[in-house]
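# Residue-level structure breakdown
The residues making up each chain are set out below.
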Amino acid sequence: MQLIQETPDLSAYLLADEAVDHHHPLVRETAAELARGVANSYEYARAAFEFVRDTIPHSQDSGDLRVTWRASDVLEQRTGICYAKAHALAALLRAEDIPTALCYQKLDVVHGLVAVRFNGAWHRQDPRGNKPGVDAQFSLDGERLAFTPDPASGETDWPVLYAAPHPVVLDALKSADDRPHLWETLPTAL
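Along each chain, residue indices are assigned from 1 in the same order as the chain's sequence is written. Where totals are concerned, whole chains, interfaces and linings use all residues; where local detail is concerned, this predicted model gives features only for residues with pLDDT of at least 70, and gives and counts side-chain atom pairs only at 80 or more. Where side-chain values are given, they derive from all heavy atoms of the structure, hydrogens and water being excluded.

### Remarks on the nonpolar core
The biggest cluster of nonpolar side chains holds 44 residues, and the ones touching the most others in it are Tyr44, Tyr83, Leu92 and Leu93. Secondary-structure elements contributing two or more residues to this core are helix H1 (25-36), helix H2 (41-55), helix H4 (71-77), helix H5 (82-95), strand S2 (100-106), strand S3 (110-118) and helix H6 (167-175). Elements are defined by DSSP. Helices are runs of H or I of four residues or more, strands are runs of E of two residues or more, and each kind is numbered from the N terminus. It is H5 that contributes the most residues to this core, eleven residues altogether. Working rule for contacts: check all heavy atoms of both residues, and any pair within 4.5 Å makes them a contact. Not counting residues within four places of it along the chain, the set of residues in contact with Tyr44 comprises Ala31, Leu34, Ala35, Val38, Leu92, Leu93, Glu96 and Ile98. We call a set of buried Ala, Val, Leu, Ile, Met, Phe, Trp, Tyr and Cys residues a nonpolar core when their side-chain atoms join them within 4.5 Å. Note on classification: 1.4 Å probe, protein chains only; a residue is buried when its accessible area is under 20% of the maximum for its type, exposed when over 50%, partly exposed between these limits.

Okay, structure coming up:
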């Protein structure tokens, strides 16, 4: 699949916004801690990915009823669904000047991912969190995502790389009173 930048301006994929708030002190502090033990930006990207994937439980898996959407809130509350975890990973990567896009798959509902730019190419990553039957890994040599869409079921990968969270996704997160409410209103299309 050919990934398509929403905007040709690569600097747009380094910006902070209300959800990817990499200027927030907690995001900066977390990024600095992760950067201490690595030798280069590739190792940092892997460390940030594994941190979000492994230390912030997916709220559906953990049974947490809270809905987070802002990266700093995800890091503080240590919970989030795929979109929120993608916002947190994007913020951590952008905090260290790694261009990061938000991207999506159409499964039963819209599923959130990120794409990182290394060596002149975009590489999609899925920080959702592993569980039985889900084994997402950081990879620059072929995708190791949590899910593979089934075209026969109407599932697909959307090729657009967004500089900011898609408004449909952000609206669903921000308007949900709790995770069960969010589950009833998850977007099925962008």
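Moving on from the model shown.
### A word on H6
For H6, the full list of buried residues reads Val169, Leu170, Ala172 and Leu173. Taken end-on, H6 shows its buried residues confined to a sector of 160°, consistent with a single buried face. Buried residues in H6 make contact with H5, S2, S3 and helix H7 (179-185). Directions drawn from the helix axis to the C-beta atoms are what define this arc.

### Some points on the pairing of S2
Of all seven residues making up S2, seven are buried, and the element is well covered by its neighbours. What you see with S2 is no split at all: Thr100, Leu102, Tyr104 and Lys106 on one side and Ala101, Cys103 and Gln105 on the other are buried throughout. Paired strands, as defined in this entry, are two strands with at least two bridges between them according to DSSP. Where S2 lies against S3, seven bridges are found, and the strand directions are antiparallel. Across the sheet, the residue bridging to Ala101 is Ala115, located in S3. Between the end of S2 and the start of S3, which pair antiparallel, lie three residues. One ladder, built from two bridges, connects S2 with strand S5 (residues 156-157); its direction is antiparallel. Its bridge partner being in S5, Gln105 is matched across the sheet by Asp157.

### Focus: unusual backbone geometry
When glycine is set aside, most residues are seen to have a negative phi, and most peptide bonds are trans. Of note, Arg78 is a non-glycine position whose phi angle comes to about 55°, a positive value. Tracing the sequence through the fold places Arg78 in the loop between H4 and H5. Look at Arg78 and you get partly exposed, because its relative accessible area is 35%. Of note in this structure, Asp97 is not a glycine but carries a positive phi near 60°.

### A look at the layout of surface pockets
The volume enclosed by the largest pocket comes to roughly 350 Å³. Taken together, 18 residues make up the lining of the largest pocket; nearest its centre are Leu107, Val109, His111, Arg128 and Phe147. Of all the elements in the fold, those that place two or more residues in the lining of the largest pocket are helix H3 (59-62), H5 and S3. Tallied by class, residues from the lining of the largest pocket come to nine nonpolar, four polar and five charged. Of the two site types, the cavity is a set of points on a 1 Å grid over the protein atoms alone where a 1.4 Å probe fits but cannot get out, and the pocket is an open set with protein on both sides within 12 Å along at least five of seven lines, each lined by residues with an atom within 4 Å of a point. Grid points are joined across faces, edges and corners, and a volume is the space filled by probe spheres set on the points. Throughout this entry, Asp, Glu, Lys and Arg are counted as charged residues, while Ala, Val, Leu, Ile, Met, Phe, Trp, Tyr, Cys and Pro are counted as nonpolar. The remaining residues, Gly among them, count as polar.

### Some details on the packing of H1 against H2
Every angle, taken between N-to-C directions, lies between 0 and 180 degrees, and every axis is a line fitted to C-alpha atoms, over only the stretch in contact when it is a helix. Put simply, H1 and H2 touch, their axes get as near as 9 Å, and they point 125° apart. When the interaxial angle is binned, H1 and H2 end up oblique. Both H1 and H2 take part in a crossing whose hand is right-handed. Residues Thr30, Ala31, Leu34 and Ala35 of H1 pack against Tyr44, Ala47, Ala48 and Phe51 of H2. Here the residues of the contact of H1 with H2 sort into seven nonpolar, one polar and no charged. Note on terminology: angles under 35 degrees are roughly parallel, angles over 145 are roughly antiparallel, angles of 65 to 115 are roughly perpendicular, and the others are oblique. Left-handed describes a crossing whose near helix is turned anticlockwise from the far helix through less than a right angle; right-handed describes the clockwise counterpart.

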